[in-house]
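# Chains, contacts and geometry: an overview
What follows is each chain in one-letter form.
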Amino acid sequence: DGGITQSPKYLFRKEGQNVTLSCEQNLNHDAMYWYRQDPGQGLRLIYYSQIVNDFQKGDIAEGYSVSREKKESFPLTVTSAQKNPTAFYLCASSLDGVTLYYGYTFGSGTRLTVV
Amino acid sequence: EDQVTQSPEALRLQEGESSSLNCSYTVSGLRGLFWYRQDPGKGPEFLFTLYSAGEEKEKERLKATLTKKESFLHITAPKPEDSATYLCAVQVSARQLTFGSGTQLTVLP
């Protein structure tokens, strides 16, 4: 079945450590997105990518980095510069990033905790 | 600044007790309004897209409606399995959705 796979499901980060969250899709979607979800807040956009080798910052990009070397993959690195990284991270994709008729397809999320 | 506000933050219903969730928006140039369902610890699941005032969409016990300033998600005779957080999002730019903070619905048996 087509879908988006995020891994790991749970991740623990020590102070000063960089960690990378994986996101893979087999939907043949062009656009991919990373959102952060905190309790009581809406999803906030971190980064998005419309095509391979191109990506743009979202509303809260500071302390995060991404790459888009393959259409299927859009990994997110949470760097030590992100001071409050504990959150639920969601990866999403859409067919073309423009019409969004069916909205986004989301992965099952990664819960990151700083220890 | 584009804003999406959902109310109430939490709603508890008895099984069979119909109600509505509200999503009000202040945006410049709405391209689409989306409803999602999110179960605890999981990613949101797409429910509906609405594009113009007066439009309605239905799926099982759910019906979404849209006006020029808000959208309603009507839940008719809910069941415990309808318990979830319901998210509303608007598309303003061609590239992203802006989400509300959600309504956590609990349906008691």
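Refer to the preceding data block for the structure.
A brief look at the structure comes next. None of these values were measured; they are calculated from a predicted model. (Residues numbered from 1 in each chain as written. Chains lettered and ligands numbered in written order. Predicted model: local features only at pLDDT ≥ 70, side-chain atom pairs only at ≥ 80, totals over all residues. Heavy atoms only, no water.)

As enumerated under the stated definition, the model contains two disulfides over all chains in all. The disulfide partner of C23(A) is C91(A), and the S-S distance across this bridge is 1.9 Å. Residues C23(A) and C91(A) are joined by a disulfide whose S-S torsion is about -70°; by sign, that bridge is left-handed. With C23(A) in strand 3 (residues 19–25) and C91(A) in strand 9 (residues 87–94), the pair connects residues that are 68 residues apart, well separated along the chain. Using a relative accessible area of 1% as the deciding quantity, one classes C23(A) as buried. Here C23(B) is linked by a disulfide to C88(B), with a sulfur-sulfur distance of 1.9 Å. Here the disulfide of C23(B) and C88(B) is left-handed, its torsion about the S-S bond being about -60°. Here C23(B), found in strand 3 (residues 19–26), pairs with C88(B), found in strand 9 (residues 84–91); they are 65 residues apart in sequence, far enough to count as distant. C88(B) matches C23(B) in its accessibility class, with the two residues each being buried. (Disulfide = S-S within 2.5 Å. Helix = DSSP H or I, 4+ residues; strand = E, 2+ residues; numbered from the N terminus. Buried < 20%, exposed > 50% of the residue type's maximum accessible area, 1.4 Å probe, protein only.)

Looking now at unusual backbone geometry. Cis geometry marks the peptide bond from S7(A) to P8(A), where omega comes out at -5°. With respect to the helices and strands, P8(A) occurs in the loop between strand 1 (4–7) and strand 2 (10–13). For the peptide bond that leads from S7(B) to P8(B), omega is -10°, which places it in the cis range. Mapped onto the secondary structure, P8(B) falls in the loop between strand 1 (3–7) and strand 2 (10–14). Although it is not a glycine, N53(A) adopts a positive phi angle of roughly 65°. For N53(A), the location among the structural elements is in the loop between strand 5 (44–51) and strand 6 (54–57). Positioned with a positive phi, A77(B) is a non-glycine residue whose angle comes to about 45°. A residue is classified by how much of its surface remains accessible, and A77(B), at 36% relative accessible area, is partly exposed.

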